[in-house]
Amino acid sequence: MARRLNSALLTALPFVGAIFILVDAAELSPRLGHNERPSLSLGAVLVHRAIKYDVSRPLALMRESDDGAAAADCEGLACGTSPSESSEDPDDAQERRPDEAIPPPTPPPTLPPAGIAIEQTAQGTRPAVPLMEGFDGLGAGFEGPQGTTNFRNPSDNSLAVGPDHIVQIVNSRIAIYTKRSRKYDKSGTVLYGAVATKSVWAGFGGVCEARNNGDAVVRYDQLAGRWLIVMPIFSRIGPGEFPGETGPVRGEPVPPGQLAKTGEASSPGAATALPANPAPPLPPPERGQRPPEKKEGVWAMCYAVSTGPDPLGTYYRYAFERTLFPDYPRPAIWIDGYYVPTSTGDDVIQKHACIADRTKMLAGQPATEQCIIIDGVNFLNNSDIDGRKLPPAGAPNIMMAAGGTQLKKIFDDDGIYFWKVHVDWNNPANTKAEGPVKIGVAPYHYLCDGQLSSCVPQPGTERRLDVQGDKIMQRLVYRNVGEHESIVAAHSVATRGGGGVRWYEFRLDKKRDPALYQQGTYAPEGFYRWMPSIAMDKKGDIGIGYSFGGLPAFVGQRFAARRIGDPKGRLTFEETVLAKGEASQTNTLRWEDYATTTMDPSDDCTFWYVGDYLKEGDSAYRTRIGSFRLPNCKGGR
């Protein structure tokens with residue numbers, strides 16, 4: 001039974017409040033210090049106009065190799081899922097200083113009986129879901145038309161699948177593969193990559209073209225037949241660093257390659273060369289020294305929406321200024337917008353629920369982005385539509401977060417919290433996030449007390465791996481199966497023998513409130529299963545991909561599932577091995593920041609999943625992409 005947050009809960013979850021302000025991007029001062037926040041007032045919404053937008057050349061024409069080392073997601077900033085700004089870059093510190101002390105393992109917690117009671121300690125009895133297709137993606141051993149590249153930990157493993165293509169982004173690199181279909185006879189052939197993700201914005205100008213940041217994410221908008229790529233800018237844009245008009249005056253020709261609006265003359269788009277590859281990252285500073293950091297300016301969020309179903313074609317491109325650090329974006333597709341929650345950083349308990357005007361961006365028109373600032377809350381996920389059966393017109397987007405607060409050493413909770421988010425593009429004052437409302441669930445303890453902890457043991461090394469145990473993992477999936485509407489979610493929790501996947505199915509009631517329908521903790525045989533990504537097919541079956549490890553096993557990737565009519569709280573199929581690990585990761589405790597399970601839009605039955613593993617002799621991770629389909633779900637491909 002869901003109930004509103006009351007004073008008794010404040011000891012378990014910090015105060016959660018939505019703060020809003022109405023601001024035009026052109027009026028924002030870019031001279032905010034890092035610890036300064038824009039003046040906020042109640043009753044409005046933070047509104048950003050696109051500071052620039054255009055239409056690109058076909059991505060297929062931007063073919064320059066990228067064989068340098070992939071840069072870290074961010075350098076010396078308060079990177080979400082990274083230490084604070086006052087710390088040196090964690091990847092440099094951990095990858096380039098092998099002599100640095102390995103932290104002790106996180107001590108096991110005392111678990112409440114009610115949490116233990118829902119642990120599934122044996123695999124399902126149905127035969128394992130067959131692995132239909134599997135191939136290595138970006139990472140060690142990758143080779144494509146534009147060459148190869150070296151990758152940095154941790155991977156941000158994003159995957160999207162369309163009618164004929166598979167698109168993968170890992171940190172700051174992108175690749176495009178064939179998908180078996182009428183167009184291609186097999187999956188996994190590399191058509192494009194590895195190139196810097198900023199290649200999508202080649203010729204765009206400004207910060208989106210100039211800086212190649214990690215944490216870029218790709219989605220396939222099944223409702224429109226389009227691809228969405230979102231790339232945050234993690235370093236400040238200094239005052240005057242990228243000067244330029246936000247748009248031409250009426251009657252003036254638009255810049256070459258940019259869309260002309262009513263009253264503007266068009267210009268032919270000249271061919272634009274891809275910018276040079278990013279320079280290799282600078283060597284780490286000596287102990288006690290830190291490179292100078294920019295203290296003024298704003299950040300940005302870069303969007304690219306394909307103009308059609310071919311990811312190698314043209315894109316409508318947008319840049320929005322952000323006054324707060326835009327870390328860990330996890331885009332979700334909803335009828336009325338592209339919802340992109342982000343975080344201000346790990347040393348600040350503050351998140352942002354931002355919505356970009358999907359309708360305008362699908363048409364390449366001037367667009368805005370509205371952001372709701374929410375204090376005192378865990379990492380947010382907005383519900384992401386799978387399938388073509390839509391929610392009712394005007395239905396709010398459901399946004400969820402786990403309870404607890406790692407910064408306050410609160411690792412336990414017995415609730416999942418939700419908001420109803422409504423956006424009004426005509427009157428931003430009506431945009432709001434109503435909540436939080438608590439949904440009571442079985443009590444849980446963050447696996448390994450949360451993120452950036454030393455947890456999962458590996459053979460032959462004292463190095464243990466991080467699990468990101470403080471948050472609901474991407475994606476939070478909405479599915480309308482006809483007789484009911486469901487939202488599924490998953491995160492990593494401590495179990496008696498190690499770590500397990502806690503998963504939920506919520507169903508929407510007549511008030512469009514999500515209520516708990518079923519829950520389970522998948523934890524067979526005392527191993528570690530963590531960093532899950534969940535999805536639901538058109539029948540209502542549930543599939544979950546996750547990392548698997550714990551002595552004596554090397555870390556690999558597995559998949560488990562259930563049919564819609566199976567006993568509640570149970571994954572009834574024996575787990576399928578996607579990738580069997582053959583080596584330990586020794587350079588850093590950082591494993592993945594997330595993995596991705598997504599659905600094939602061609603049949604709404606086939607699950608695709610990607611995650612990391614190491615082969616024997618590997619010194620760095622590689623990724624494995626695979627597909628699975630339950631036998632009771634059928635559809636043309």
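Above: the structure in question.
Residues numbered from 1 in each chain as written. Predicted model: local features only at pLDDT ≥ 70, side-chain atom pairs only at ≥ 80, totals over all residues. Heavy atoms only, no water.

(A) Fine view of the overall build of the chain. A tally of helices and strands in the chain yields four helices and 35 strands. At a minimum sequence separation of 6, the contacts of the chain that also span at least 24 residues come to 67%. For the chain, the accessible area works out to roughly 22500 Å², and carbon and sulfur atoms hold 53% of it. (Helix = DSSP H or I, 4+ residues; strand = E, 2+ residues; numbered from the N terminus. Contact = heavy atoms within 4.5 Å. Areas by Shrake-Rupley, 256 points an atom, 1.4 Å probe, with all protein chains shown as cover.)

(B) Region of interest: the sheet that holds strand β32 (residues 592-594). If you trace the five strands from one edge of the open sheet to the other, you get β9-β8-β7-β6-β32, paired in mixed fashion. Because the sheet does not close on itself, it has two edges, and the strands there are β9 (190-196) and β32. Neighbour-to-neighbour, the strand axes of this sheet turn through a mean angle of 20°, independent of strand direction. Relative to strand β8 (residues 173-178), strand β7 (residues 165-170) runs antiparallel, the two being bridged by six bridges. Along β8, the bridge assignment pairs Val-170 with Arg-173. (Pairing = 2+ DSSP bridges. Axes fitted to C-alpha atoms, helices over the stretch in contact; angles between N-to-C directions.)

(C) View of the environment of Cys-633. Relative to the assigned elements, Cys-633 resides in the segment after β35 (622-629). As for Cys-633 and Asp-541, which are separated by 92 residues in sequence, their C-alpha atoms are 8.4 Å apart. Dropping the residues within four chain positions of it, Cys-633 is found in contact with Asp-537, Lys-538, Lys-539, Asp-541, Asp-604 and Cys-605.

(D) Spotlight on the packing of aromatic side chains. One pass over the structure, following the stated rule, counts 18 aromatic pairs. Site record: aromatic cluster; members linked through ring pairs are Tyr-53, Tyr-303, Tyr-318 and Phe-320. Of note, Lys-52 hangs over the ring of Phe-204, and the distance from its end group to the ring centre comes to 5.3 Å. The positively charged end of Lys-471 is found above the aromatic ring belonging to Phe-379, 4.4 Å away from the centroid. (Phe/Tyr/Trp six-rings, centres within 6.5 Å; stacked < 30°, edge-to-face > 60°. Lys NZ or Arg CZ within 6 Å of the ring centre and 35° of its normal.)

(E) Highlighting the sheet that holds β35. A sheet is described by the order of its strands in space; here four strands give the open sequence β5-β35-β34-β33, paired in antiparallel fashion. At either end of the open sheet lies a strand with only one pairing partner, and these are β5 (131-139) and β33 (596-599). Here the strands of the sheet are splayed against their neighbours by 20° on average, with no regard to which way each runs. Taken together, the four bridges between β33 and strand β34 (residues 606-613) define a ladder with antiparallel strand orientation. Paired with Thr-596 across the strands is Val-610, a residue of β34.

(F) Focus on the nonpolar core. Among the nonpolar cores identified, the biggest contains 37 residues, and Ile-374, Met-400, Ile-416, Trp-419, Val-421 and Tyr-444 are the most heavily contacted of them. Counting residues in hydrophobic clusters, the runner-up holds 35 residues, among them Phe-142, Cys-448, Met-473 and Trp-608. (Core = buried A, V, L, I, M, F, W, Y, C linked by side-chain atoms within 4.5 Å. Buried < 20%, exposed > 50% of the residue type's maximum accessible area, 1.4 Å probe, protein only.)

(G) Looking closely at unusual backbone geometry. That bond from Gln-474 to Arg-475 is cis: its omega, 0°, falls within 30 degrees of zero. One can find Arg-475 in the loop between β23 (461-465) and β24 (476-480). A cis amide bond links Leu-551 with the next residue in sequence, Pro-552, at an omega value of 5°. Relative to the helices and strands, Pro-552 resides in the loop between β29 (542-550) and β30 (553-562). Phi at Leu-452 takes a positive value of approximately 55°, unusual for a residue other than glycine. For Leu-452, the position within the fold is in the loop between β21 (432-445) and β22 (456-458).

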